[in-house]
Structure formats: structure tokens, C-alpha cells
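Per-entry structural report
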Amino acid sequence: MIRFHPNHRLPALPRNTRLWLTILGTVILNSSAIGQPPTPLLKTVFPAGCQAGGSERVVMTGEAMDGISAIRSSHSGIVFDHDEDNHFTVHVAADTPPGFYDVQAICAAGISSTRTFFVTTRKHVLEAEDDGSTVNVAISGQIKEGGEVDQFQFPGKAGQRIVIECWADRMDSPLRAILELFDSSGQRLASSAGYFGIDPAISYSLPTDGQYVVRLYDLEYSGSTNHFYRLDIGVGPRVLFALPSVVQRGQPTQVTLYGWNLNESQNVFTHFTVDVTPPNTPIALPIQRHPASVGSDRFAYHLPGSDVPIEFATTDVPVILDPAANHAATAACPITIPCEVSGQLSQGNEYDWYCFEAKRGEVIHVAAWGERIGAPVDLDIMVLDTTGQQVLATYHDEITNTGGLRFPTSHLDPAGRWVAPTDGRFFLVVRNLIGGLSNDPRRVYRLNLRHEESDFSLVALPHTTASPGAINVHRGGRTIVDVLAFRHRGLTGAIRISPQNLPPGIECQDVWLGPGVNSAPLVLTATDNAKQFVGALELVGTVEQQGRTIQHPVQGGTMVRTDLPNGSGRLTADVPWAIADQAPLRITANGHETRKHHLYGELTVQHSAGGILDVAVHVQRRDSKHQAPIRLTGVGLPGLISNQVATIEPDQQTGYISFYLPQHLPPGWYTLAIGANTTVAGADGKERTVEAFSNTVNFEVHPPAFQLELDPYTPRRVQRGEVVKVNYTVHRKNGFIGKIHTELAAPGKVTDVGNLRGRGVTFVGQTESGVIQIIVNEDAQLGSRPFLRLYAVGVLEDEVRFHGSCFLDLEIIE
Amino acid sequence: MKRLSLITCLATLLLPLVPVRASESGSVHFTTDVIPILTKLGCNGGGCHGKATGQNGFKLSLWGFEPQADYRALVKESRGRRISPSVPDQSLFLLKATNTKPHGGGMRTSVDSDEYRVLRQWIANGAIPPSEHDPKLQQLEVTPSQLDFSINAKHALTVTASYSDSTTRDVTQGALYFSNAKKIASVTHDGIVHTNMHSGLFAVMVRFGGKVATFHGAVPRQNRVDEEALVTSRLDQLESQLRSTPTIDDTPPTSRQVDRLLIQQWKRLGILPSQPSNAETFVRRVTLDICGTLPTRQEVEDYLNDERADKRAKLINRLLDRPEYAVYFALKWADILKNRGSGYGTSKQRAGTALFSGWIRNAIATNKPYDRFVGEILTASGNQNQIPPAIWYRSVRTLPDYVESVAQAFLGVRIQCAQCHHHPFERWSQQDYFSLAAVFARVGRKGGFADAEVPTSEVIYLKEKGDVFHPRTGDLLQPRPLGGPDFELGPFDDPRKSLAHWMIQPENPYFARTMVNRIWAHFLGRGIIDPIDDARSTNPPSNPELLDALASDFTQSGFDVKHLIRVICNSSAYGADSIPNQFNQNDEQTFARFYPRRLTAEVLLDGISQVLEVPTQFSGGKGKFPAGTRAIELPDENIPAHFLDVFGRPARTSACECERIDEASLAQALELVNSSEINRKLTDENGLVGRLSANTLAHAVNVEEIFLRYFARHPQPNELATAVEFLETEEDRAEAYRSLLWSLLATNEFMFNH
């Protein structure tokens, strides 16, 4: 029978919640530094695990973790009591399922980044305490310094299949572990440099009774207290994968588990058949997952006696199990779309053939899962014509990396859209591009075949780039949460993100991931007197499409490490956040400031592609005595929009930053925010660099009525007192034939822009080209003029209906 | 020997042979008559008009492998000014060749020469271009194909060309000749072989019209009658012993076959092998060769005290089971497979080199069959973080890399020349080169982190498409192994798998032979084919029967490398003393004695660390190597160690073992004298110097210990006396031992495996 895990979507607090909140509030409120302290960075929890039903003394280490007072865990059965300094005692309830959970430290500066904590049903021992007298243990250890080699001894019996497994990369450790097994004479019997990804494992049938030795070290002989690991030495069952690996929601299904020591056989791989009943609603998994595995509903399964859960995906369409003999077109397995296939490519050069009927114009979305479910495969999918000879389409990797190095979302699993060219029976081939010469039964895959039913998944993560971060909202300030979108099966429209159940004193605007946009900033704003809070941020994404409303909760994600070339991130159980100390400054942005036009009065700008978005930025410094320039940049810009830089000088409270909206920007809602870098005085009187963020600016981009284009030979440098003529062209769009009036403008000003004057030109009818004359006064400010532009309004019935701009780079010289 | 001399004399009397010229027998063809002359005269050589840029505006294909292009250059280019069919003798081409008009290359021929007449006739005939219907050269034959010579003898070779129209021609005068051992025999431009004062084996490469043929010669040692009798008697005796002595357990039968084949060659050459080495020499030699490690005193004494008849075979087996065997041979393969860490901007390569190095070590430790080992490298796919053999593709990145690394490392063929032109000494053409390249055309790379020039953590995979075109003709080339037909491939098939399959076939002429030759060279100091990765008909094996026997046995054993090593190490040749006798003192080809060689850089440094009991501390990269890490265990060449660089550690930029330099240099001497690392080892109180100076044992006892450590033998009485006398004259006991140990490090006996 399947065992369900509790739903962890709500934040789990320690059992002594009241005391914990008191400690937390005291710590946070007593911190009075004006300078914003860095985000606590939790690097190591050691030991990083505990036996279910047991207790363990743990040490938390990291950076900026002064005033650490509590630990938040993602499971209510895992409770940390503060002993002293960074020492805690963890108590794990006996009914806590074995697996991997998230913990964060609560420090003076707020909540820390996330680390993994495991729960085991095995005897848990520390490296130093292991007496080598038994097997079936989970050992917590560290490679504390370069060149260190840890050794463990255990008794073995002839014929026993011993399973030695190291967890390091899979639980956030930078250790690249190497395992070696020796007999009592020092003869090396086996070694592993990686089995579960880069984490090693050895499965070995012991030849004789006697003592055996396991050696563990880092591949590059690196070491530090952060190089922690879990080492399992056992003879119990270890499930590696299951077939099918996906089951229909709510349907009891018989599955076969594959792994080590699952039955009495002496084979390397054994199998065992069980019945599972998948849940009807998603359940949080005690398993660390690939960033791009968001969006697949799954549940965990524990085989009795096994210490490691495996996961099953659930689906709402029929599941087809890959027949073993479908390795040629003539033996193709017939399938009916929609469906989900659970397959296996054990042989290095194996091809799984399927066939299906499709009508001309029928749209089919193909999505495969291999790497993302931990299988050592690089899948490739081809659709072939009715003869099975001509390849009509191929699908490779997902190369889009929305999360960058901190949360790499690219992966090797193929996906794509296919339109049937004719009525007929087509073939689909799944193959593994990295099969080589070897056989490996772990090469399983899922193949999802559906019609065009758009969907999406969302992940929220701290806005950090250089190190794992956390979401701390400082009182009187704001913080950014990055929301990433994974669009499925043709979804292109805007996704609206809305917060839910925010505590008092916290504001958060809805934000939009515009058409085709896959990331956006969401800003949390805390009032000056917001009360202390630590919990999980609840966000919901909504898409309205063709009269259908689709809603999904936003899952959590985190960066794991920065020291790998390709970055490392994973999903988290929730989106942890906290309210922290006072913010040193507050930035407020307004993207909808009205504009006074000398002909048409106060105008509210309607944005369109080929125009300019002006954002007015207002700064409130908590310490008004300390004045420093504030550098503004855009944050979370939609991909097509280029970033800009602007500066608010000391003693100034307002400024502008403007963004050109490219001509090909699709109409729709978009969101961005403004980031501000400056210095503030710290508690110690020293200057400290801080980063602050504005509220979000939501803006709708409309189809343009016209677009402006400057003559490429327009002079870039003009002298004081000079009069220059700028040739330009107006390209009318979308059938607009009304009057267009052009002026020289700058953010907040039209025509008279700081001792520059541009005389307006009006086009009527089909006129498209003109000249604007710019008079540079003798007292015009020298230097480049930021965000100067040609600004045009489109007029219908004497009413300004449309706006368009293009930047005009001018430098004023003597 | 008398019979041989008679044959040689008769052959000499027949000189000179008069070859029949093509020009006299009818029409002159550009491809078969003109181009060979251009080659013979050196016109299309790499130093003249055959170089890539040509010479003074006149460019010919190198050695005439592109007749159409050469015809255009000669007849059409420069408005046809080089050829004057109406006045052939005024052709600029002939005026230049005879230096009648100033010619940078000087006079290449004279107006009364055969070459001139042929060229003139071709011009007078209208300078007819090459045609598909022209007879094509099918085969080149040299007669005799082999011959035994006496010292200071000569013999004329006859070279016969067979054409597609079933005609044959004597092309002796038109062919080019090269001797591979001028010390033993030289050859004139018209094919007359002259032997010199040295005995041995040699080959003469004959080239004509793009084809090559090889003549194999031998110059037996000129023994006196009594010497000849002694040699014959002793070799007969050895042969008889091989037949009569029962097979000892653990000794592979093929070892005897090796001995038999060597004896046959020694008989042919009149060579008597050295005596078998003594037990002390053998235990040191074989431990160094198999494990890259000096034997300990205990191991030496155990072996010396072992009285079993098969103790040698048992020692070899024990050594092959030691982890040092895998470590040492992994180092060798890491060199060949270019597991390289340097030359890049950061140290991100270390994880990959360590991973690949570990994988090689595991493969050797578990005695992974060689075919499987190579197959897994060639077909490696996947993330280099997780699939160690895929790291081979990190250093081997381009089509030339693929072709040249595969050909050199696994097939023993140097095919680099064929990238630009037809191989001058072999059959390999650009077609062969780029058809092999096509095998790898679909190797795809994705992901990875750009670490300076070379990305790490790439995913190697099979691309959907990948084409290779002939650089000259532009033809699309299908994947094809060297010398073989195109692979039959389905659209989804990985050509690399076909290549791996082709390699391991028993009839493959390269794969097994290259490996056995490589391993033979490792243990015997020289390949049966030498250099070991330059197999070609014009560089023949010194003992073809031996190479074939070893290759056949290796294939039949399932490409069992440990078995191969057992076969070689149990042979008499490997067990022979390095001290020569009067019969083999000049032998450098037939393994009649053990050829001493300096310890490689890593083995020497480890040896010094071992005997002085002070390990070297290696650093570099992110981590710190554990105390006691040995030089042979280092994953790549980028770990700073000046000693290793001075003593010839290779840079791993090519698949050639020749990168490892074992020649002596002044820097090496200075390193032994001035090195801070050597000084540290000699002054470490926890090392051997500290231990010997602190103990109260008699000097003689300590000297005994030192000799067993250094040389795996007891000191001779005079050595012992000298050492003790020296030690006693020094007041400072530590300084005395330090000086003694230091001086012994610089002895040939320590620095060489002999």
C-alpha cells in the first residue's frame, strides 16, 4: 500500500511556536542598524540528517548568520531546539517519512537560504562515532580539508549484496565524492565515481565473510566543513526506478520496482511488484528535484524496508507501458493520443517505435521526461511518415535557461509541437543519444502526447545572482521575488501572478508575465511597522484563455551552489520568506505619470511597441543626512526590452529611467521593477553599499498606430547656440491615418527640455517624413542628454489617442 | 654464410641491369610517364614546386598525386608558356629543367638523358592530357623482395610496374629509393643497395607513380667459423631446451613461441643473445616495468629466497594484481589519450582529468578487455561529468584530432600527411583521411562551461547530421575505416560503433598488432615496429612472425592485456641480461639483450621518494593531494613538479608516446644536484637519512640496506668496503649517509632499468 505524505504547502512551524516567535521578534526588532545587512547564507547543517524518532545535535554554519535563533523546516515532524550560538538539537517525530527536507535558519538579518536535511529510518551515526560494527547505517560525515580520505569498516557475509551509497550533490553539498570498497587484505573490490548523477554508489556481492573497508574522498581532493555527505552502508532493499514510472490519477496500478536487494535473487538488479494508488491531488515530495521538473504532479512511494523513497508521476490520461519488442517500424506499438507512455531504453542502441493515427491539421504536443526523472539518458524524438522512412520532425533538448546559473532550467528532455500534414498513420521513435555500448536498465522515460491544451507551471525564487539567497522584506522597504514561468503546449499569453494570504503590513501588487515572457519580478513591500513574520509565500498564477481560466500555485526554488560551472539549483518545498529589519531606503516607481503637452494638455500615455516607457522614481532615504548618488537600472525586464541606467544625484529625491519598447514587442501586459544601488551609513558609521527595489510597474502594450524612425545621419553632437534639423520618418501602422504631431521631449517634459527646444511638426493624411528643428540654447547643459526623444501623438477627433517615441542621442558641446 | 656470400656476389656481377623505358615502347602518358619523372627529378617535392604555395608561381601537387591539377599547371596556366609543342626543345619547362634558362632549382636533368627524351616526346606528341582511358598503375613490385647480404656488398633492385592494361614495365630507373637504416645499408638513385660495416635489418622503400613497394634486407653478423659454430650450437641448444623443458605453471605457452621466433631470427643474423639476467636484476626490472615502482627490500629478499621453479611467473602474476600496475599503466594511457589539464586559463579541467584518469585506472585494474576499453572511449556519449571516457572528447575536438588520435593511438598509423596530400610512404590518401573523419562527423557537443579554449562538462552525443566533404573534389564522403569499404549504416546508426566493431575483428591488420607492439616496446624498450605508432609497409616490423604471433594470441585471449604482459614478461628475451656479449653488442633490433633505459620522470621521482622514505607533496587545483600521493598517480600533467618537467614528463598534446623524453640533459644533472626537493628528501629527519644516522647499527649493515633499496641487490665486497670506509671517515654521521645516498641517486644503476 502506498503511504501518503502530509501536505506541506502551509509553512510548518516548530512545536513551540509561541516561544519561537517571541525569540524571533526580539532578535529582529532589536536589530537597529540602518544599513541593510546581507542575507544570511546557510552553508552547512551538520549532521544534515537524523533518524526518525531520534534526536541529534546539529551545528549550523554559514555567512551573515549572526543572531541565529531558530530553524525552520519544511516538515512539522522535524523540530529544532536552540541550544546555544549556532548549535541546535533536532527532534524528528517517529512517523516522519524518510526523505529529504528543507531547512532555513532564522537570524538577526532575517531568514537564510535553504539547505537539505534528511530523515532516515536507519541507525544514524556520525562519522567519528561509527564503530564499524554493523551495516544498515546512515553515516553523516565531512571531508573537512583538502586531501582527507574518510574510511569506514563494516562486517560482511559471503553472498550479501552490500549497497554503499553516498549522498552529497543530491543534498546540496559541493563534495564530488569517490567511493572505493576494499576487502580486509587491502584489495580494492569496486569503486564508483558517480552513479546517481555524480553521486557514487556501489552494489557489490561480497565474496567472503569478513571485514570490509569503504574509502570516501573528493575527486579533486578538495575539502572544507561544507563538504558534508551522507553515506549509507546497507544490505536492505534499494529501489532505483519503477515501471511504469507514471500512473493514472486515482487509478490503482500494479507497478514493478527495480533495484538492489528487492528479492532473494543474486542478480545485480532485482525487481518486485507492488500495487500503488496515486492520490487525486498533488503532494509535496521529500525528494530534491531538478529545477525544470516543476509542473509534473508526483507522489512518493516507500517500499517497506527501503530507506529511500521513489517518485511516481501522475497523469489524467491513459498510461501505456512500452512493450519490450517495439524496436522496429514493423513492431511499432500503437498508441492513441492523448496518452502517456512509460518506456525503457536499456540497450545502448535501442529505439522504441510507436504509431498513431492523426488527421490533417491535428496538433500534437510531444514532451519527454528522462533526465528530469533521474534517468541517465539524452532523449531524442522523431516523428516519421506513414512509411517509417522519412523523418517529418525531430525534437531535442530544452535549451532555454530561464533561471540562468542560479537556477538552470535547461535540460536534455525533448518537447515540441507537431501538426499532422495529412490524414494517416504516423510513427514516433524515441531513442537515447548517449547510449554508447553499455546496457543500463535505469534508462527509463516518460512520453507525454497530448493535443493543444495550454498549461503552465511557475516557480518563485529569491532575487539573487551571486549566491543562494532568501526572501527578506525589510520594514519600510521592498524585496523582489523572481517568478519564472514554464509554458506548456503552446501557451503564449500573459500570466498573472497574485499573492494570497499576506500578513498585515505587507503589500504586493499582482504582476504579469507578458506574452512569451518567462520571468517577471514580484515585489513585496513592508510598512514601517509590519510585524515579525516567517512563513511561506503563497502565490497563484492565472491565465485566461479562450474563456478558460487556468490556475496553478507557484512552487519554490533556490540556487544551491555557485561553484559549479553550470550552476546548480533545485525546487524547494515552499517559498520561505520573512519580515526583517528596517530598510535604509525606499524606492517608489511610477510608470504612468501624466505628461503635460502644450497643445493637448495633461496626457496619460498609452504604451505601444515602438514607444518609450518612462518610469518616475522617488526615493525616501531613512537617513536623510547621508546623501549619495543612486544608480537606477531596470530589474526583471521582459526579454526584448534593453536595460538602461540612470542616476539620481545626491540631494535629489526623484528621477527618471526610460525604456524603449521594441517594435516587435507583442501587445499585452508586462511588468518590471527598478533597482537602486547606493550607499548608506552603517551602524558603525562606515558606508555600506545597499541595493533596493521599487514597486513593480505594470504596463500594457497596445498595437502601435505609428512608429518613429530617425534619419541615421542625424548629428549626435551639437554645439550650444546651434540649430539642428533632424529628419525623421513616421511609419503608420494598423490603418491609422489621423494627424500625428511630433515634438522634442524628455521624461516629464515636452518641447522645452532643459534649454533645448524642438519645434513641432504635424503630419496629416499620408505624409510620412518630416524635419524637426532643435534649438540649442547658449546656456544648455553640457554633456549627453539622457532619454531625450522625438515624441509623437496620434490624434483622432482632436483627442490624443496614440503615443510613440524614439530616443534621440544628443551630446551638447561648447 | 658461404652460400649467402655467393648469392650476393652473383647478384653483384649482374649489374647493371638495363631497364626498358616506357618512351621507347610507344605513346607517352602524362600520369604514368611524365609525373614519375617530375617526382624522380624532385620537381614536385615539398621543397620545390610541390609545396603548398608552389615555387615562383608554378605549383604542382605534392609527389604528383593530382595529375589533372598538374597538367593544368604545366600546360594551361600562364597562357601555356611552359609548353611549346611546335618547338618542344624551346619549351620553358625543359629549358628550366636543364638550367638552360636560369632555374632556382638548378639543373635537374640533361638534354641527353632518358628523362629529357620522354618529356620532350610527350610535348612533341601534343602534350596529351591525362585521360580516364590511360593505363593506370595497379601494382609496384620490387625484386628480390628480400635478401640477405654480407657486409660491404651491393645488389641491384628491379622495380616492375603493372598497369591496368595488363602491361608491365621496368621502372627501376624512374623509381625513388629510401633506406630506413643507412647505418646498415644505403641505396643509390637507381636502386643499387650497398651494405655497410654494420649487421642488422633494413628496408628499402621504393616509390613510383604514387605506389610504394618495400625491399627487406638483412646483413648477418660476419662471424668467424669458430664463432659461427658457437652461435649455431648455443642457439640449437636454446631451441632444444625450449622443446624439452616442461611447461612451468603460470607461464603462458606463447612465451615459448616468442622465444622460438626470436631464436630463428638470431640464427639468421648470427647473433647470440645475452645470458639470462640474475634474480636481483629481474625482480627490479619487472617490478619497475609492471608497477612503475622499485621493489622493497622485503620483496627483493622474498624473491631471492624463493626456490620454486616458477617463481618468476608467480612474481609477474603478483605484480599484475598490485594496484600500482593499474596506476602505472593508467599514466601511460593518460598520456596517449591526451588527458590534459594545462594550457587553459583556469583549473576547471582537474575534475575531468581526475575522473578520466580514475576510469582508466579502474579499467586496467579490472583487466577490462582492450577491445572493450577502446570501444567505450570511441563511442563514449553523455555528460563528461558522469561518463568519464567522454572526457577523451575534450582534448580530441576536431576532425583532424579524431582521425589522427584514433589512427595513431589504436591503429599505430601516422596519417597526418594525408590531411593535405597523399601519404608519401603509404597508401593513405585524402579520401582515406576524410572518410575516417566522417565516422566522427556526427559527434555533437552541447552544454558545457567555456573554460578558456576548452569547455568542461560538455554532453557528447550523436548528432542528427554531419557531413564531411573531400577538400579537393568536394565529394561527400561516407564513413569508412582505414583501408576498408564504406560502413553500411542506417539513418540512426552511430558510425563510431561500426568503427569500434571493425577494429576488433581478428582480421584487422592494425588493432591487435598496435597494442602488442606498444606493450612489447614498454617492456623491451623498442617496438617490433619502431616507432611504435608508425606501422606501414615501408617501416616493417623487425620480426613480422613474432608480431603476428603475439597479435594472434592477444586476439584469441579476448584482448586480455594481463595475459599479453605475462606472455612478454615470461619470455627469455625479457629475462635476458642487459650486458652484451661479443655477438650482440651492436644489436638494436632483435632483442638479443635487454636494452637499458632511464626511468621515466614519474618513476624516478617516486623511486627517490621511496628509497629516501620522504614522499613528494603535490599541490595544485582546488584540493591538496593526500600525503604519500605518488607521481605516477597524478591525474594530469598540470600538477606543478619541476623535477617531472625536467625529466621529460609529456605535455599530452598528441597521442604519440614519443612526447615522453628520456634523453639526458644538463638540466637533469642540475636537478639532481641543486633541486630543493631532492635536498628536502635528503635532509628530512623522518626520512632514511634521519633513520640511518640515528641508528647504532654498523655501517656495513646500513650499506646492505641501502643497496637492497636502491639496486635490489647486495653490495659487492669492494662496494661495501668503499662505502664503509667513506662513512667512517666522515665525522657527521648524518652528513656521511646523506652524501652516500645522494651520490648513489646519480648512478646509472639507480636511474636506469637494466
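Everything below is about the structure printed above this text.
Residues numbered from 1 in each chain as written. Chains lettered and ligands numbered in written order. Predicted model: local features only at pLDDT ≥ 70, side-chain atom pairs only at ≥ 80, totals over all residues. Heavy atoms only, no water.

What follows deals with the overall build of chain B. Counting its secondary structure elements, chain B contains 30 helices and 17 strands. Its C-alpha atoms give chain B a radius of gyration of 30 Å, within 12% of the compact-globule value 27 Å for 754 residues. Across the 754 residues of chain B, 57% fall into the buried class. Considering only contacts in chain B between residues 6 or more positions apart, those separated by 24 or more positions represent 66%. Of the roughly 30800 Å² of accessible surface on chain B, 52% is carried by carbon and sulfur atoms. Distance between charge centres in chain B, computed from 83 positive and 87 negative side chains, equals 5 Å. (Helix = DSSP H or I, 4+ residues; strand = E, 2+ residues; numbered from the N terminus. Rg over C-alpha atoms; globule rule 2.2 N^0.38 Å. Buried < 20%, exposed > 50% of the residue type's maximum accessible area, 1.4 Å probe, protein only. Contact = heavy atoms within 4.5 Å. Areas by Shrake-Rupley, 256 points an atom, 1.4 Å probe, with all protein chains shown as cover. Lys, Arg positive; Asp, Glu negative; His and termini not counted. Charge placed at Lys NZ, Arg CZ, Asp CG, Glu CD.)

It is worth spelling out the pairing of strand β1 (residues 41-46) of chain A at this point. Residue and element names in this part refer to chain A. With 5 of 6 residues buried, β1 lies mostly within the body of the structure. Note that β1 and strand β3 (residues 55-63) share 5 bridges and pair antiparallel. The residue bridging F46 from the neighbouring strand is V59, located in β3. (Pairing = 2+ DSSP bridges.)

Residue and element names in this part refer to chain A. Here R586 shows up in strand β47 (residues 585-590). Buried within the structure, R586 lacks any salt-bridge partner; its nearest side chain of opposite charge belongs to E507, at an N-O separation of 4.5 Å. Within the structure, the side chain of R586 is placed 3.5 Å from the backbone oxygen of A526, a separation counted as a polar contact. Those residues in contact with R586 that lie beyond four places of it in its chain are G476, G477, R478, T525, A526, H618, V619 and Q620. (Salt bridge = Lys/Arg side-chain N within 4 Å of Asp/Glu carboxyl O. Polar contact = N/O pair within 3.5 Å; in protein donor to acceptor, adjacent residues only side chain to side chain.)

With that settled, consider the nonpolar core. If you look at the biggest cluster of nonpolar residues, it comprises 163 residues, and the most contacted ones within it are I290(B), Y370(B) and F410(B). In this structure, Y370(B) is in contact with W333(B), A409(B), F410(B), F511(B), M515(B), F554(B), F559(B) and V561(B), ignoring residues within four places of it in sequence. In terms of nonpolar packing, the next biggest core, distinct from the first, is built from 36 residues, F196(A), A375(A), W418(A) and Y445(A) among them. (Core = buried A, V, L, I, M, F, W, Y, C linked by side-chain atoms within 4.5 Å.)

Turning our attention to the pattern of salt bridges. Residue and element names in this part refer to chain B. All chains considered together, the criterion is met by 78 salt bridges over all chains. Across the salt bridge formed by R224 and D226, the nearest N and O atoms sit 3.2 Å from each other. Residue K314 is joined to D310 by a salt bridge in which the shortest nitrogen-to-oxygen separation is 3.0 Å. Given the relative accessible area of 10%, D310 is considered buried. What you see here is one network of salt bridges that share partners, running through R297, E301, E613, R691, E705 and R709.

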